[in-house]
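Below are the chains, spelled out letter by letter.
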Amino acid sequence: MIRNTISLALLAALLACGNGDNAAKMASAPSAPAVDGAKIFKVSCAICHGNDGKLGLNGSKDLSVSVLSLEDRIALITTGKGLMPAQGSILKSDEIKAVAEYTLTLKK
Ligand code: HEC
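Chemist: I'd love a proper account of the overall build of the chain, names of residues and values included.
Modeler: Looking only at helices and strands, the chain features five helices and zero strands. In the chain, the succession of helices and strands from N to C terminus is α-α-α-α-α. Residues counted as buried form 23% of the 108 residues belonging to the chain. Taking as baseline every contact in the chain between residues at least 6 positions apart, the subset at least 24 positions apart corresponds to 47%. Total accessible area on the chain stands at roughly 7,600 Å², and carbon and sulfur atoms take up 65% of it.

As structure tokens, then:
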């Protein structure tokens with residue numbers, strides 16, 4: 001009986017350790033990929049669209065009035081359109097999603 005109690009305590013301690021590890025992993029996970037849509041926009045997009053999305057260089061659309069959905073933005077950014085260069089081979093898909101989400105924040 002005593003032995004059982006001890007092994008249960010050990011088991012509980014082991015499980016607690018396991019959970020502690022998972023909690024640590026989960027706490028560090030969100031910062032690991034750290035995709036910064038605003039930063040990508042400034043590097044890859046602002047040259048035509050401007051920091052506020054309104055520059056309109058090379059006939060680029062004013063992003064502050066764009067009505068495209070997030071899905072349409074992701075598709076357009078991936079494949080490019082007209083004078084806008086395709087980003088599909090330059091940016092990773094999570095970066096394209098992050099920058100597409102950022103363009104939504106430029107809307108008035
Ligand atoms: C070389 C200039 C250029 C660069 C760099 C550029 N764009 Fe564009 N963008 C354009 C042009 C031109 C259009 C208009 C395309 C068309 O409809 O013919 C456009 C259109 C768009 C649209 C669609 C707006 C609408 O309502 O139709 C979005 C969204 C967009 N760009 C986002 C981005 C993002 C995000 C980046 C950076 C990853 C980027 N663009 C980089 C030139 C550029």
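Chemist: Can you explain the environment of Lys 108? Please cite residues and give values.
Modeler: As for its position among the elements, Lys 108 is in the segment after α5 (93-104). Residues within four places of Lys 108 in sequence aside, it is in contact with Ser 64 and Val 65.

Chemist: Please set out the site of the ligand residue by residue, giving values where relevant.
Modeler: Looking at the ligand, there are 22 residues lining it, with Cys 45, Cys 48, His 49, Ser 66 and Met 84 nearest. One nitrogen or oxygen atom from the side chain of His 49 is found 2.7 Å from a nitrogen atom belonging to the ligand. Separating an oxygen atom of the ligand from a side-chain N or O atom of Lys 61 is a distance of 3.0 Å. Among the elements of the structure, α3 (46-49), α4 (70-79) and α5 are those that each provide at least two residues to the shell around the ligand. Residue classes in the shell around the ligand are distributed as 11 nonpolar, eight polar and three charged.

Chemist: Explain the coordination of the iron atom of the ligand to me, using residue names and the numbers behind them.
Modeler: Surrounding the iron atom of the ligand are the protein donor atoms His 49 (NE2) and Met 84 (SD), at 1.9 to 2.1 Å. Because the angles between the six donor atoms bound to the iron atom of the ligand fall within 83 to 180°, the donor set is best described as octahedral. You can see His 49 sitting in helix α3 and its partner Met 84 sitting in the loop between α4 and α5, a full 35 residues away along the chain. For His 49, a relative accessible area of 9% corresponds to the buried category.

What counts, and where the lines are drawn
Residues numbered from 1 in each chain as written. Predicted model: local features only at pLDDT ≥ 70, side-chain atom pairs only at ≥ 80, totals over all residues. Heavy atoms only, no water. Helix = DSSP H or I, 4+ residues; strand = E, 2+ residues; numbered from the N terminus. Buried < 20%, exposed > 50% of the residue type's maximum accessible area, 1.4 Å probe, protein only. Contact = heavy atoms within 4.5 Å. Areas by Shrake-Rupley, 256 points an atom, 1.4 Å probe, with all protein chains shown as cover. Near = heavy atom within 4 Å. Polar contact = N/O pair within 3.5 Å; in protein donor to acceptor, adjacent residues only side chain to side chain. Nonpolar A, V, L, I, M, F, W, Y, C, P; charged D, E, K, R; others polar. Donors = N, O, S within 2.8 Å, 3.2 Å for Na, K, Ca; no water. Tetrahedral: all angles 85-135°; square planar, octahedral: opposite > 155°, others 65-115°.

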